[in-house]
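# Close look at the chain arrangement
Residues per chain, in single letters:
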Amino acid sequence: MDYRQLSRFLGSLLLMLAAAMLACLVYAVYDQEPAFAADRALGFSALITAAAGGLLRWLGHGSSLEILRREAIAIVGLGWSLSTLFGALPYMLSTPSLAPAAAIFESASGFTTTGASAIANLEIWPRGLLLWRATTQWLGGMGILVLFVAVLSMAGGGGTKSLFRRESSGKLGEGFAARMRDTAIRLWQIYLALSLLCFTGLVVLGMPVFDAVCHAFATVSTGGFSTQNSSIAYYHSPAIEWWIILFMILGAVSFMLYAWLIARRWSKWQQDEETRFYLGILIAVTLAVTASLIYNSQAPDTTTALRNAAFQVVSISTTTGFVTADYDRWSNFSRILIVAVMFIGGCAGSTAGGIKVSRFMVFFKNFARQMIHAFRPNQVIPVRINAVPLTDGYLAEVGFFLALVGFIVALGSLAMAALEPSFDLVSGFGAVIANLFNTGPGLGAVGPTCTYAGLSSPSHILLSLLMVMGRLEILVMLALFVPALWRRY
């Protein structure tokens, strides 16, 4: 392991994080909320983060810029961990403030775009800190390390290909692998454009400018942090809800598709099975939940039933976590469907979490192949995605990942039962899947109208770890805890 190189890159990452804190500090000073001292919290946090980043940069001075696979994995895992730890400082230094474990939870929820909150009452917090919450989600949405790759490439840094590949939001496509700088910059240009368009629409539809900034950040990043305790339900605006639905879906679709669109590679759109399958899931589940709401008289009319169903299905499936209705009070049929789309998540290469649609497609296609093999063992049946045949090794990898997710959900639920004895089985299970899949609101005691403020410190740390594991698709984070990997490979 090249520790000097590791120190250099992590130091640069912390300096970038300090710059983001300073940007929020400028707003806090402009907003003039002296009773809360948000400016001091952000100022001291930026100073501490910049000092740590500068020290790491100095320790790594003169190291190679060429990043190999082992160092790339370490930078990604440690980069997200350090971002979470230093991103928690403003919550601890502000007035009001959070306990260290709760602050780490809030920071992890922001950077991983989970949207779960340890803050019981948002409306007493200074707007400078609320802007920091939204900023962490916006940085984490496309991936702070993808931004890091873009800046590094512009500054003349090399060897960013391995780092880019290891960042789960940065899914590479054919033809882009040889141009890391162009790819990273193009993805962030698309991300900026969608954020600006979302913000503009929210302002036009009547949302206050500050709220529109925060909600645009949280929508395009599929994060879900709101400035109001009642989330999007606060605005009582069907137009705002439909606008947010549109951009949650746009955030949950692979950003490489937008890059192909700009490059006029129409064939890529025609071949893309994942997006079509995903939209089909959204439509089918929305109609099923709408029918259930009407049948059980849980909506005043058909239009409201459709809007509530569409918003909550899209919000949960994209792992955004905004709320307009308490889905935990819906029928068991609707709740089961909500949990199902929570598992599935969004498309690969998007800002959404979850297991990802592509993995479920591979699983079901392989399942169909195995069923045929049971009767015709000699028949060769390739599994294809986007007309590309998949290797048996990749099929095994998908199966292993699904099994690993199941194991972590079971182990996490057991741990929550031990740490939170007052939780029922549904609440503990809901907390684990909502944080592992970066959704935010879960079920029961952590449902859509509740927060995670009442949890114990060990529970906050456990769920923070699950958030980061889910954001990095588990294996990268687990690799940090297996020293043999670094010695052997």
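Below is a short write-up of the structure. (Residues numbered from 1 in each chain as written. Predicted model: local features only at pLDDT ≥ 70, side-chain atom pairs only at ≥ 80, totals over all residues. Heavy atoms only, no water.)

## A look at the overall build of the chain
Counting its regular elements, the chain contains 22 helices and two strands. For the chain, the accessible surface area stands at approximately 20200 Å², while carbon and sulfur atoms represent 66% of it. (Helix = DSSP H or I, 4+ residues; strand = E, 2+ residues; numbered from the N terminus. Areas by Shrake-Rupley, 256 points an atom, 1.4 Å probe, with all protein chains shown as cover.)

## As for the nonpolar core
The biggest cluster of nonpolar side chains holds 132 residues, and the ones touching the most others in it are Trp 132 and Tyr 452. Counting residues per element, this core draws most heavily on helix α18 (residues 392-419), which supplies nine residues. Ranked by size, the runner-up nonpolar core spans five residues in total, among them Leu 6, Phe 9, Ala 74 and Ile 75. (Core = buried A, V, L, I, M, F, W, Y, C linked by side-chain atoms within 4.5 Å. Buried < 20%, exposed > 50% of the residue type's maximum accessible area, 1.4 Å probe, protein only.)

## Some thoughts on the state of the cysteines
Under the criterion given, the structure shown has zero disulfides. Of the cysteine sulfurs around Cys 214, a residue in no disulfide, the closest is that of Cys 24, at 8.8 Å. (Disulfide = S-S within 2.5 Å.)

## Quick look at the packing of helix α5 (residues 100-111) against helix α20 (residues 457-471)
Contact geometry for α5 and α20: axes closest at 8 Å, N-to-C directions at 20°. Between α5 and α20, the interaxial angle falls into the category roughly parallel. As α5 packs across α20, the resulting crossing turns out to be left-handed. Across the interface between the two elements, Ala 101, Ala 102, Ile 104, Phe 105, Ala 108, Ser 109 and Phe 111 from α5 touch Ser 457, His 460, Ile 461, Leu 463, Ser 464, Met 467 and Arg 471 from α20. For the contact of α5 with α20, a count of residues per class yields nine nonpolar, four polar and one charged. (Axes fitted to C-alpha atoms, helices over the stretch in contact; angles between N-to-C directions. Parallel < 35°, antiparallel > 145°, perpendicular 65-115°, else oblique. Left-handed = near helix turned anticlockwise from the far one by under 90°. Contact = heavy atoms within 4.5 Å. Nonpolar A, V, L, I, M, F, W, Y, C, P; charged D, E, K, R; others polar.)

## Points about α20
Look at α20: 21 Å from first C-alpha to last across 15 residues, which is about the 21 Å you get at 1.5 Å a residue. Of all 15 residues in α20, 11 are buried, a share of seventy percent or more. Of the residues making up α20, those classed as buried are Ser 459, His 460, Leu 462, Leu 463, Ser 464, Leu 466, Met 467, Val 468, Met 469, Gly 470 and Arg 471. Once α20 ends, the next one or two residues include Glu 473, with phi positive near 55°. (Expected span 1.5 Å × (residues − 1).)

## Comments concerning the side chain of Arg 133
As for its position among the elements, Arg 133 is in helix α6 (residues 127-142). Of the residues examined, Arg 133 reaches a relative accessible area of 3% and is grouped as buried. Residues contacting Arg 133, with those up to four places away along its chain left out, are Tyr 91, Glu 106, Ser 117, Ile 119, Leu 122, Phe 225 and Ser 226.

## Here we look at the packing of aromatic side chains
Scanning the model with the defined rule gives 15 aromatic pairs in all. On the numbers, 5.0 Å between centres and 80° between planes, the contact of Trp 138 with Trp 188 is edge-to-face. Note that Trp 138 is positioned in helix α6 and Trp 188 in helix α9 (residues 180-204), a separation of 50 residues in sequence. Each residue in the set Trp 138, Trp 188, Tyr 191, Phe 217, Phe 255 and Tyr 258 is aromatic and connected to the rest through ring pairs, giving one cluster. Lying over the aromatic face of Phe 210, Arg 127 brings its terminal NZ or CZ to 4.5 Å of the ring centre. We note Arg 133 situated over the ring of Phe 225; from NZ or CZ to the ring centre the distance is 3.7 Å. (Phe/Tyr/Trp six-rings, centres within 6.5 Å; stacked < 30°, edge-to-face > 60°. Lys NZ or Arg CZ within 6 Å of the ring centre and 35° of its normal.)

## A word on helix α11 (residues 238-252)
Under the 1.5 Å per step criterion, the end-to-end length of α11 is 21 Å for 15 residues, consistent within 8% with the ideal 21 Å. Of the positions making up α11, those classed as buried are Ile 240, Glu 241, Ile 244, Ile 245, Phe 247, Met 248, Gly 251 and Ala 252.

## Some remarks on a nonpolar patch on the surface
Side chains of Phe 44, Leu 47, Ile 48 and Leu 93 sit close together on the surface and give an oily, nonpolar patch of about 390 Å² of accessible area. Here the nonpolar patch gets three residues from one element, more than from any other, and that element is helix α2 (residues 38-59). Mapped onto the fold, Leu 93 is located in helix α4 (residues 89-93). (Patch = residues over 30% accessible without salt bridge, like charges linked within 9 Å, V, L, I, M, F, W, Y side chains within 5 Å. Salt bridge = Lys/Arg side-chain N within 4 Å of Asp/Glu carboxyl O.)

## Some points on the environment of Val 398
The topology assignment puts Val 398 in helix α18. Residues Val 398 and Phe 363, 35 residues apart in the sequence, show an inter-C-alpha distance of 7.2 Å. If sequence neighbours within four positions are ignored, Val 398 has contacts with Arg 359 and Val 362.

## Digging into the packing of helix α16 (residues 332-344) against helix α19 (residues 425-436)
Two numbers describe how α16 lies on α19: the axes approach to 10 Å, and their chain directions differ by 30°. With respect to α19, the element α16 is oriented roughly parallel. As α16 packs across α19, the resulting crossing turns out to be left-handed. For the pair α16 and α19, contact is made by Arg 335, Val 339, Met 342 and Phe 343 and by Val 426, Phe 429, Ile 433 and Ala 434, respectively. Of the residues assigned to the contact of α16 with α19, the class counts are seven nonpolar, no polar and one charged.

Taken by themselves, the reported measurements are silent on function.
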